[in-house]
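Overview (structure and organization)
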Amino acid sequence: MPEVSIEDISDQFAEFGAEFDDDQLVKLKEYCQSYNIDASCIVHEWMAFSSTKKVFESWESLEAFNREWLPKKVKKISSTPKSARKPTPKTSRNCLDSEDDANISILSNYDTPNSQLTNGLSKRQVTPENSSLAQKRFINSNGISTPVGAVTPDMLSPGCAVKSGKYSSRTNAGSVVAKFGNTDNVSWKGESCPCRVNVVRQGLSSRKKYMFQKQSDKIQVLNDAILDHCEHLQTSHNIEEFSNAAISSQGSVTVAGRICCDAIGRLNGQSVILEGAHEHSNGRCVKVDLSQIDQYSLFPGQVVAMQGVNNTGKVFSAQKFYESIPLPFPDINCEEENAGKFSMVVATGPYALSDSLDYSPMSDLIKYISRDQPDICVLMGPFVDVKNSVINNGELDESYDDLFNRHMHHLGSAAKRLGCKVVVVPSYRDIHHCHSVYPQAPFTISDFTADGLKKLESELEFKSHIEFVTDPCTLEVNGVVIGLTSTDILMHMSKSETSVGSFSGMDRLGRLTQHMLRQHSYYPLYPVGDGVNLDLEMWEETGRMPVTPHVLLVPSDLKAFIKDIDGCCCINPGRLAMGQSGGTFGQVIIDTKKLKTAKSPAASISAQIVRV
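None of the values given here were measured: they were computed from a predicted structure.

1. A closer look at helix H12 (residues 400–418)
- Its 19 residues give H12 an end-to-end C-alpha distance of 27 Å, which sits within 8% of 27 Å, the value for a rise of 1.5 Å per residue.
- Regarding H12, the residues found buried are Leu403, Phe404, Asn405, Arg406, His407, Met408, His410, Leu411, Gly412, Ala414, Ala415 and Leu418.
- Where the residues of H12 are buried, they touch helix H10 (360–372), strand S10 (376–380), strand S11 (421–425) and strand S12 (466–468).
- Immediately beyond the C-terminal end of H12, within one or two residues, lies Gly419, with a positive phi of roughly 75 degrees.

Printed below as a string of structure tokens:
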């Protein structure tokens, strides 16, 4: 078989709209060599796998693709005698079979359970051949050598596994993945600028009762969200009034409401429904015809205004969309002694490798922090990841809280020594947190032991150097407003969005992020994505943006990026640990003096994404 190139694989995926980063394309090339298949076949196999399993581009999906799908569809080179190997045709039988399986799986969703069994469409769950559980080895933390630098032995869990050879043998540590602004000759080292961190609208606490909401209250919150955004659209575009979307009209009218899907599944151009507000349309819904619109990007939960005709009262034929506009930027209120440049490090969990409790990525991050000494660090969860195999299999020999407290103690001690502030953001994947509901209350660390005894002041001193905040959260640091959420809203929206044409002239990642700014929300998707439990009343309090932030942190499993979107510097720093290998984190320099006079806040920011 001829050599498969990364360019061939990338071009093949581009035809289907799939996007992989360079490291993932290298991994796919290795799969081609391992299974003796060409670029066309690996792409067809992936599309069949992703459509059947309902997954998107990520390292976890690639690992599942290699573990669960490829061994069943194609034969490895090692299992076939060398003399019997033949070049794989461009479209192999295995590729056709996988596509047929995917089509059968889709068609079976419309069949009854009895007929599924009759036709043999029910699939048998097969245990992966190489069980990771059987290969795990655990040693006591006393047997682990102390890492170089500021990392202490108590950083590691007693149940920590042997360090991953894949992580320790990496050769790309410290390489820059993405740059933004002027990064030439930029010193990422902090200037010991005193940072004052203020939390805007911090209304949640661990004592808050979640999900105690009446159906009528939820309806009111959703209706108020439509009204608030419609008022902003009406002011921005000088719209005289909104008409009832469900009443027939022979002339052109302007209507507004929330985008919904008429079926269970992904939104598409034929399944769009507009749900009007009670004040405008009595809460009624109407189907939307988009055949006259050349460019659009829609997702469930999006509040829009459109112009068109509803001849029958049943279908609204849209002719024009009114573009949503972000909220204005806040004024820069920075005292003279705090004015100047300040540096920030941004990282997102998990901080341990997926197959063990080896927190080497976190230890290496602290080495970078000790070297560059940033003025502020924003660390987003998960810290004790529910998806970690050791935790998921119940093999941890200590409490989740003890594991988390030890890491926080280490971070607080390092922050005290370096004179920087650490902002810690929770994640719904943190198994030790009291609530797995969005929005999430901040972490808490008890001042008392399990026996009810007061802890020593030396044991609690680290808490004064850590700021525990909610998810999502709006921070003000020396006059710079930073918006952030640890929930992967970009991935959730990408699974629900439908887009036609080059809407807004941006790529997919920029377009998804722009939706957040223009919908004035950290989580504009409704219904929410898998794994998210939304409390609408709490979302109304803390889930909506009070202003457009100067910097927006949106961590995601999608490709890491730094983009200027409507003047806001939007950053996805990536995950610090990606499976059993190292990930990325972000470094940011913000010039508050330049920020006051710059036309675009993003023009006063320099940033880069670095491999740990």
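Okay, back to it.
2. Things to note about the packing of aromatic side chains
- In total, this model carries 14 aromatic pairs according to the counting rule given.
- An angle of 10 degrees between the planes, with centres 4.9 Å apart, marks the rings of Tyr351 and Phe383 as stacked. Pair noted here: Tyr351 is in the loop between strand S9 (341–348) and H10 and Phe383 is in the loop between S10 and helix H11 (389–392), with a separation of 32 residues, a long-range link.
- A residue is classified by how much of its surface remains accessible, and Tyr351, at 0% relative accessible area, is buried.
- Arranged with centres 5.1 Å apart and planes meeting at 50 degrees, the rings of Tyr368 and Phe585 form a pair that is tilted. Here the residue Tyr368 occupies a position in helix H10, and Phe585 occupies one in strand S21 (residues 584–591), the gap between them amounting to 217 residues. Like Tyr368, the residue Phe585 is buried in the burial classification.
- Joined through ring pairs, the aromatic side chains of Phe13, Phe20, Tyr31, Trp46, Phe49, Phe65 and Trp69 make up one cluster.
- For the cation-ring pair, Arg170 lies above Tyr167, with the distance from its terminal atom to the ring centre recorded as 3.9 Å.

3. Quick notes on the pattern of salt bridges
- According to the stated counting rule, one finds 15 salt bridges in the structure shown.
- The closest approach of N and O atoms between Arg544 and Asp228, which form a salt bridge, is 3.2 Å. Of this pair, Arg544 sits in the loop between helix H16 (536–542) and strand S16 (551–553) while Asp228 sits in helix H8 (residues 215–237), placing them 316 residues apart in sequence.
- Residue classification places Asp228 among the partly exposed residues on the basis of a relative accessible area of 39%.
- Overlapping salt bridges, with partners in common, bring together Arg170, Asp364 and Lys367 in one network.

4. Some points on the side chain of Asp364
- When you line up the elements, Asp364 lands in helix H10.
- At 3.2 Å, the side chain of Asp364 and the side chain of Arg170 are in polar contact.

5. Quick notes on the sheet that holds strand S3 (residues 249–261)
- Spatial ordering of the closed barrel is given by S3-S4-S5-S8-S7, a layout of five strands whose pairing is mixed. Within this sheet the neighbouring strands show an average axis-to-axis angle of 55 degrees, counted without direction.
- Bridge analysis of strand S4 (residues 272–275) against strand S5 (residues 285–289) gives three bridges, and the strand direction is antiparallel. Residue pairing for S5: Glu275 is matched across the bridge by Cys285.
- Here H8 sits on the sheet and contacts S3, S4, strand S7 (303–310) and strand S8 (315–322); the angle it forms with S7, its principal contact strand, is near 75 degrees.

6. A short note on the environment of Gln307
- Secondary-structure assignment places Gln307 in strand S7.
- Measuring from C-alpha to C-alpha, the distance between Gln307 and Ser243 comes to 9.9 Å, with 64 residues separating the pair along the chain.
- With sequence-adjacent residues up to four places away left out, Gln307 is seen in contact with Ser252, Val253, Thr254, Phe316, Ser317, Ala318, Gln319, Lys320 and Tyr322.
- Here Tyr322 takes part through its side chain, which lies 3.1 Å from a polar atom of the side chain of Gln307.

7. Details of the sheet that holds S9
- The seven strands lie next to each other as S1-S22-S21-S9-S10-S11-S12, forming an open sheet whose pairing is mixed. Each edge of the sheet is formed by a strand with only one pairing partner; in this case those strands are strand S1 (176–180) and S12. Ignoring strand direction, the axes of neighbouring strands in this sheet form an average angle of 15 degrees.
- The pairing of S11 with S12 spans three bridges and is parallel. Looking at S12, one finds that Val423 is bridged to Glu467.

8. Some words on H10
- Taking 1.5 Å of rise per residue, the 13 residues of H10 would be expected to cover 18 Å, and the 19 Å separating its terminal C-alpha atoms lies within 8% of that figure.
- Burial of H10 is extensive: ten of the 13 residues sit out of reach of the surface.
- Those residues of H10 that sit buried are Ser360, Pro361, Met362, Ser363, Asp364, Leu365, Ile366, Tyr368, Ile369 and Asp372.
- Count one or two residues on from H10 and you reach Gln373, which has phi positive near 50 degrees.

So, how was this worked out
- Residues numbered from 1 in each chain as written.
- Predicted model: local features only at pLDDT ≥ 70, side-chain atom pairs only at ≥ 80, totals over all residues.
- Heavy atoms only, no water.
- Helix = DSSP H or I, 4+ residues; strand = E, 2+ residues; numbered from the N terminus.
- Expected span 1.5 Å × (residues − 1).
- Buried < 20%, exposed > 50% of the residue type's maximum accessible area, 1.4 Å probe, protein only.
- Contact = heavy atoms within 4.5 Å.
- Phe/Tyr/Trp six-rings, centres within 6.5 Å; stacked < 30°, edge-to-face > 60°.
- Lys NZ or Arg CZ within 6 Å of the ring centre and 35° of its normal.
- Salt bridge = Lys/Arg side-chain N within 4 Å of Asp/Glu carboxyl O.
- Polar contact = N/O pair within 3.5 Å; in protein donor to acceptor, adjacent residues only side chain to side chain.
- Pairing = 2+ DSSP bridges.
- Axes fitted to C-alpha atoms, helices over the stretch in contact; angles between N-to-C directions.

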